[in-house]
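Residue-level structural notes
Now for the letters of each chain:
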Amino acid sequence: MITQVHGESDHRGRERYELTDTDHGHIWGVCETVDGLFGEPRRGTYELFGWIPENGDVRGWVGSRVWLVPDDGALEPWLLEDAESLGLLPGSDSLVLTGQDDYEGPPGGHRGPVRVHDGSRWLGSCREYARVLPPERTAPPLVLRGLAQGDRLRTALRTGTRRALDLEQAALEIRDARGEPLTDRLLWTTVRGWGPSSYGADLIDLELDGEFFTPVPTYAHSVWERWLAGPPDTLGAWAGLDTRRREVWLDLARDRACRRTHRDRPTGHAYELDGRQITDEPGLYLALGEAVNGPGGYFGGCLDALTDCLRGSFGYTAPATLLWRHSATAREYLSRTLTPRGRPLDLFAEVLDVLAEGGMRVSLV
């Protein structure tokens, strides 16, 4: 029988979750609430030996994207997402960094000097690094409560064999309180247990193995709750968030936009952008998304995505005009950024060039 798992669910039935088979598209089941959706994702840990800081002490949350750049120019830099620093190890010159590794990971066999930056400034350098193996831990399960079973799941549970209970690759499709598609979470999972649900007759609580599921970080909970209640209805609702949570807001805005059909405005439309809160990169794209598509709108989350949006299907048809108010704020914060390799990049100028190439004539005020 299923173990009792208590988490962030509030049993109000505002959200709808749909577990689907990603290979064949059939629905395993639909439920009202999920335990285990939020948690602490696994993080890579690096010890940087001989750390020499370049811009003060590196401690606490470091950045959404932190690049470790080998001195050997022939090797590609690698990425730590949502990086945190535990500070220097006591009695040593070693800095400890944790974060979610990118898919590539560190260059194989590299043990030479590395320089570190957060996309805006150099943080420091070290003579060598080592990736620390994390302690083994049992991943908490994902529990779908009040699940209405699909026919295929009912058959699998009735069969009860290990093979039948292996759901392989699945997606947890998530809708907001209005029933509109918002985002999804992918997982490779098996059924660990099930039992009658207190949510109603013929409903079950289904426990899934969480070993290959990446939970939503707990710091993102408040932003997710805001979006699960429905899309924002006022401009700039993200303005008071720090960079870390602005990234979460941008991810959800993108995911929701990619699940909707957009009606492109006719040519010659005049857009207006409020630039007062553009103090970081996610703020830039959030403000631009709302200028084009209103509260909670999306219009790119990086230069390549912005280029794609300018080609159509995201509310825009060239040519058009954009009145960028308070542009000096973005110029101040985004004119001196860094590429992954650490080369200087004027992101503010790059965005203006991309907009111009896409038929958007920008006036800066």
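Residues numbered from 1 in each chain as written. Predicted model: local features only at pLDDT ≥ 70, side-chain atom pairs only at ≥ 80, totals over all residues. Heavy atoms only, no water.

Of regular secondary structure, the protein chain possesses 7 helices and 23 strands. On C-alpha atoms alone, the protein chain measures out to a radius of gyration of 23 Å, which is about the 21 Å that the 2.2 N^0.38 rule sets for 365 residues. Based on the C-alpha atoms only, the size of the protein chain along its principal axes is roughly 60 × 60 × 35 Å. For the protein chain, with 365 residues in total, the buried portion stands at 47%. One finds the centroid of the 41 positive side-chain charges in the protein chain at a distance of 3 Å from the centroid of its 56 negative side-chain charges. (Helix = DSSP H or I, 4+ residues; strand = E, 2+ residues; numbered from the N terminus. Rg over C-alpha atoms; globule rule 2.2 N^0.38 Å. Buried < 20%, exposed > 50% of the residue type's maximum accessible area, 1.4 Å probe, protein only. Lys, Arg positive; Asp, Glu negative; His and termini not counted. Charge placed at Lys NZ, Arg CZ, Asp CG, Glu CD.)

So, on to the pairing of strand 20 (residues 320–325). Burial along strand 20 is one-sided: A320, L322 and W324 are buried, while T321, L323 and R325, pointing the other way, are not. Two strands pair when backbone bridges link them, and strand 19 (residues 270–274) and strand 20 are joined in this way by 5 bridges, in the parallel orientation. Directly across from Y271, in strand 20, lies its bridge partner L322. The sheet contact formed by strand 20 and strand 23 (residues 360–364) spans 5 bridges and is parallel. In the strand pairing of strand 23, A320 is matched with M360. (Pairing = 2+ DSSP bridges.)

On to the packing of aromatic side chains, then. Summed over the entire model, instances satisfying the criterion amount to 9 aromatic pairs. Ring centres of W324 and F348 lie 5.4 Å apart, and the angle between their planes is 70 degrees; this geometry places the pair in the edge-to-face category. Taken together, the positions of W324 in strand 20 and F348 in helix 7 (residues 347–357) put the pair 24 residues apart, joining distant regions of the chain. As far as the burial class goes, W324 and F348 line up, both buried. Connected via pairs of aromatic rings, a cluster forms that spans Y46, W78 and Y129. Lying across the ring of W122, R115 places its NZ or CZ 3.9 Å from the centre. The aromatic ring of Y219 is capped on one face by R244, whose charged end is 3.9 Å from the ring centroid. (Phe/Tyr/Trp six-rings, centres within 6.5 Å; stacked < 30°, edge-to-face > 60°. Lys NZ or Arg CZ within 6 Å of the ring centre and 35° of its normal.)

Next up on the list: helix 5 (residues 303–310). An α-helical turn contains 3.6 residues, so a residue and the one three or four places further along point in the same direction. Burial in helix 5 covers these residues: A305, L306, C309 and L310. Seen from one end, helix 5 has its buried residues packed into an arc of 140 degrees, which puts them on one side. Where helix 5 is buried, its residues touch helix 4 (281–293) and helix 7. Note on helix 5: the residue one or two positions beyond its end, G312, has a positive phi of about 120 degrees. (Arc of directions from axis to C-beta. Contact = heavy atoms within 4.5 Å.)

Right, let's talk about the nonpolar core for a bit. A general tendency of soluble globular proteins is for nonpolar side chains to be buried together. Judged by nonpolar contacts, the single largest core of 67 residues is most densely connected at L37, L144, L172 and W224. When residues in this core are grouped by element, the largest group, 7 residues, is from helix 4. Counting 17 residues, the second largest nonpolar core, distinct from the first, contains L68, L80, L95 and C126. (Core = buried A, V, L, I, M, F, W, Y, C linked by side-chain atoms within 4.5 Å.)

You can see D118 is positioned in the loop between strand 10 (114–117) and strand 11 (122–126). As a C-alpha pair, D118 and V30 span 88 residues in sequence and 41 Å in three-dimensional space. Not counting the four nearest positions on each side in its chain, D118 is found in contact with V62, R65, V66 and L123. Within the structure, the side chain of D118 is placed 2.9 Å from the backbone nitrogen of S120, a separation counted as a polar contact. Separated by 2.9 Å, the side chain of D118 and the backbone nitrogen of R121 make a polar contact. (Polar contact = N/O pair within 3.5 Å; in protein donor to acceptor, adjacent residues only side chain to side chain.)

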